[in-house]
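# Structural description and commentary
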Amino acid sequence: MLVLKEAEQTNKREAESYVNELFQTVVNRNPHEYEFHQAVKEVFNSLIPVLANKPEYIKHAILERIVEPDRMISFRIPWQDDTGRIRVNRGFRVQFNNAIGPYKGGLRFHPSVNASIVKFLGFEQIFKNALTGQSIGGGKGGSDFDPKGKSDFEIMRFCQSFMTELCKHIGPNTDVPAGDIGVGAREIGYLFGQYKKLSGAYEAGVLTGKGIGYGGSLARTEATGYGTVYFVDQMLKSAGYTFHGSTVVVSGSGNVSIYAMEKAIQLGAKVIACSDSSGYLYDEQGINLATIKRLKEVENRRCSDYTLEHPGAVYAEGCSGIWSIPCDIALPCATQNEMDKEAAECLLRNGVRAVGEGANMPCTLEAIDVFLDNQVLFAPAKAANAGGVSVSALEMAQNSARQAWTMEEVDARLQVIMGKIYEESIRASELYGRPGNLVVGANIAGFIKVADAMIAQGI
Ligand code: GLU
C-alpha cells in the first residue's frame, strides 16, 4: 500500500514537472499572448492527476499537440465606410482541433481582438464543445473591427468583405462559425448571404445563429444565458440553495447577460444589477428586464439611459464596481478578466454563495482561487456557458435533417445537456481527487474525450 502511494506521488511529481516545462514552452513560443497563456495554464494545472494516472497521454504528446492549432488564418479585410473612405481591419480564424468533429466556435468583432484573444477562445472551445457531448471540434475567429457607431450598410459591407476571405476555409463539414461579442443575428445574416453568393449553394449548416426564417434554431438566442442559469441552478441545489429568493448580480447587458437575467428572474431570483462597457446599473427594486431589452436589443442605447425611466435606480461609471454590490449569486456575463482578485475578495466579504461564468474566462486565475479556497460554489465558463454552442450543434442537426424543432423541444434538450455536463464534471472531479471542484472536473471531462479521439486517430 505504502509502495503504491509512493509510486502515485512520483507519478504526480513527474506530471507536474512535465506540465510546468511544457507551459514554459507555450509561453516562449507564443510571446505576449497573455490570455492564451492564462487559458492554457488553467487547463494544464487541472490535468496533472490525469497525466499521473495515464502516462499514455504524455507518450502520445497530447498536450504538445493540443496547444498548437491545426491552423491559424489571418487576413486583411478592406471595406468602404459611408463617406467612401477605404478602411482596413484584420480578420482571424483559428482552427484549433477537429478530433471529435468539424471546428465550431463563434466570431467576435471587437477592437480588442488579436491573435491571443482568438487563441484563448479557440483553445477553451475545444474542451467546452467536447463537454456538450456533441461531435464538434474547437475553433474561433473574429476581427478588430469595432461595430460601435457603424451604420447598417457599413456593417453589411464589412461582413461581406470578411466572408469573401473566410469562405475559403469554412463549410458545414469543415468549420462552422457562429456569433460572439459584436456578432449577432444581423451580422450572421450578412455573412450567410455572402457565403451563399460565393458558394452558389444553400448550405444552411455553414453558420449557426441564423434567423429563424432561414435555418436558425429557436432558443439559440436564449441558449447561453439560459444554459448558464440551468447549470448554476444544479450547482446550487447540490448545496441546498436555489435561485428562488436570491439576489443576483449579472454583469453585461448583451445576449448572454439578458437571457441569464431572464431565466434567473423566472426561477424567482431578484436581479439587482447589470452593466455595459461604460458603467453599471443598480436597481434595488430589481432590474426591469423589459426596459433593458428595449434599450439594448431595439434602441441600441446605453445602460445609463435606464435611470431616465427608473429614477430609483443608480448608475455608476466604470465596470468593475459592479462586484462591490452585495449579492448571493454573481454571474459575470460580459467579457474576459472582468473579475479580478480584489473583486472576488469583495464579493466574498459580502457573503456571495455562488459564482457562474456566463462569459468566456471572465474571472482571473487569482479570482477563481479566492472562490475555490473559500468554499464559494464556482461554475467555470467551459461548462456553464456551453449552452450556446450546444444549441448551435442542435441547429446544425436541424439543418442536416431539414427540420425545425419547437422552442420547447430545443429548450428541453438544452436542459438535458446542461444537466449532463454538470454530472460529468462532478464525476471527474471526484474521480481525480478534487470533489466538487468544477474547474478541474470540466477541464478533465472535456480533455479525456478529445485526447482519446486523438490517440485513436494516430499522429
Ligand atoms: N461564441 C459562443 C461560445 O463562446 C458560441 C459559439 C457557437 O455557437 O458556435 O461558445
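Our structure's up above, just so we're on the same page.
Quick look at the structure, then. (Residues numbered from 1 in each chain as written. Predicted model: local features only at pLDDT ≥ 70, side-chain atom pairs only at ≥ 80, totals over all residues. Heavy atoms only, no water.)

## Points about the sheet that holds strand 9 (residues 314–317)
Strand pairing in a sheet is mediated by backbone hydrogen bonds. Such pairs are either parallel or antiparallel. The criterion, for reference: A pair of strands is labelled paired if DSSP reports no fewer than 2 bridges between them. Numbering of helices and strands starts at the N terminus; helices are DSSP runs of H or I of at least 4 residues and strands are runs of E of at least 2. Only the stretch in contact is used when a helix axis is fitted, and all axes are lines through C-alpha atoms; the angle between N-to-C directions ranges over 0 to 180 degrees.
Overall, mixed pairing links the seven strands, which are arranged 9-8-7-6-10-11-12 in an open sheet. This sheet does not close on itself; its edge strands, each paired only once, are strand 9 and strand 12 (377–379). The sheet shows a mean angle of 15° between the axes of neighbouring strands, taken without regard to direction.

## Quick word on the nonpolar core
The criterion, for reference: Nine residue types can take part in a nonpolar core, namely buried Ala, Val, Leu, Ile, Met, Phe, Trp, Tyr and Cys, and a core is a set of them joined through side-chain atoms within 4.5 Å. Exposure is judged per residue with a 1.4 Å probe applied to protein chains only, and the accessible area is read against the type maximum: over 50% gives exposed, under 20% gives buried, and values in between give partly exposed. Should any heavy atoms of two residues lie within 4.5 Å, those residues are counted as being in contact.
Phe123 and Phe447 are the most contacted members of the largest nonpolar core, which has 95 residues in total. What Phe123 contacts, discounting residues up to four positions off in sequence, is Phe36, Ala39, Val40, Val43, Ile66, Val67 and Phe96. Core analysis: the next-biggest nonpolar cluster, separate from the first, contains 23 residues, Ile272, Ala273, Cys363 and Phe378 among them.

## A few points about unusual backbone geometry
Phi at Ala61 takes a positive value of approximately 50°, unusual for a residue other than glycine. Mapped onto the elements, Ala61 comes out in the loop between helix 3 (56–59) and helix 4 (62–66). Judged by its relative accessible area of 22%, Ala61 is partly exposed. Positive phi outside glycine occurs at Gln375, with the angle close to 55°. Topologically, Gln375 is positioned in the loop between helix 13 (365–373) and strand 12.

## Here we look at helix 12 (residues 341–349)
Every α-helical turn comprises 3.6 residues, leaving residues that sit three or four positions apart pointing alike. Counted only if it meets this: It is the directions from the helix axis to the C-beta atoms that the arc portrays.
Turning to helix 12, its buried residues number three or more, namely Ala343, Ala344, Cys346 and Leu347. Buried positions in helix 12, seen along its axis, are confined to an arc of 160° and lie on one side of it. Facing away from the buried surface of helix 12 by more than 90 degrees, the exposed residues are Glu342 and Arg349. Against strand 10 (329–331) and helix 13 lie the buried residues of helix 12. Immediately downstream of helix 12, the backbone of Gly351 shows phi near 85°, a positive value.

## Some thoughts on a negative patch on the surface
Quick reminder of the rule: Residues enter a patch when their relative accessible area is above 30% and they make no salt bridge; the linking distance is 9 Å between like charges and 5 Å between nonpolar side chains (Val, Leu, Ile, Met, Phe, Trp, Tyr). Under the convention used here, a 1.4 Å probe and the Shrake-Rupley method define accessible areas, while residue burial counts only the protein chains that appear. Salt bridge, as used here: a side-chain nitrogen of Lys or Arg that lies within 4 Å of a carboxyl oxygen of Asp or Glu. Charged-residue counts in this description rest on Lys and Arg as positive and Asp and Glu as negative, His and the chain ends being excluded. For this purpose, a charge sits on NZ of Lys, CZ of Arg, CG of Asp or CD of Glu.
Residues Asp340, Glu342, Glu366, Asp369 and Asp373 make up a contiguous surface patch of negative charge. The dominant element in the negative patch, judged by the number of residues it contributes, is helix 13, at three residues.

## Describing the pairing of strand 4 (residues 137–143)
Of all seven residues in strand 4, seven are buried; the element is thus mostly enclosed. Every second residue of strand 4 is oriented toward a common face, with Gly137, Gly139, Gly141 and Ser143 on one face and Gly138, Lys140 and Gly142 on the other, all of them buried. Of the strand pairs in this sheet, strand 2 (residues 86–97) and strand 4 are connected by six bridges, and their pairing is antiparallel. Residue pairing for strand 4: Gly91 is matched across the bridge by Ser143. Both strand 3 (residues 103–109) and strand 4 contribute to a ladder of five bridges, which runs parallel.

## A look at helix 10 (residues 289–298)
Worth spelling out the cut-off: Each polar contact in these results corresponds to two N or O atoms within 3.5 Å; when the atoms are within protein, one needs to be able to donate a hydrogen and the other to accept it, and residues that are neighboring in sequence are counted only if both atoms are side-chain atoms.
Along helix 10, the positions that sit buried rather than exposed are Leu289, Thr291, Ile292, Leu295 and Lys296. Seen from one end, helix 10 has its buried residues packed into an arc of 160°, which puts them on one side. Away from its buried face by more than 90 degrees, helix 10 exposes Ala290 and Val298. Summarising the contacts, the buried residues of helix 10 are in contact with helix 9 (255–266), strand 7 (270–275), strand 8 (279–282) and helix 11 (306–309). Capping of helix 10 at its N-terminal end is provided by Asn288; its side-chain oxygen lies 3.1 Å from the backbone amide nitrogen of Ala290.

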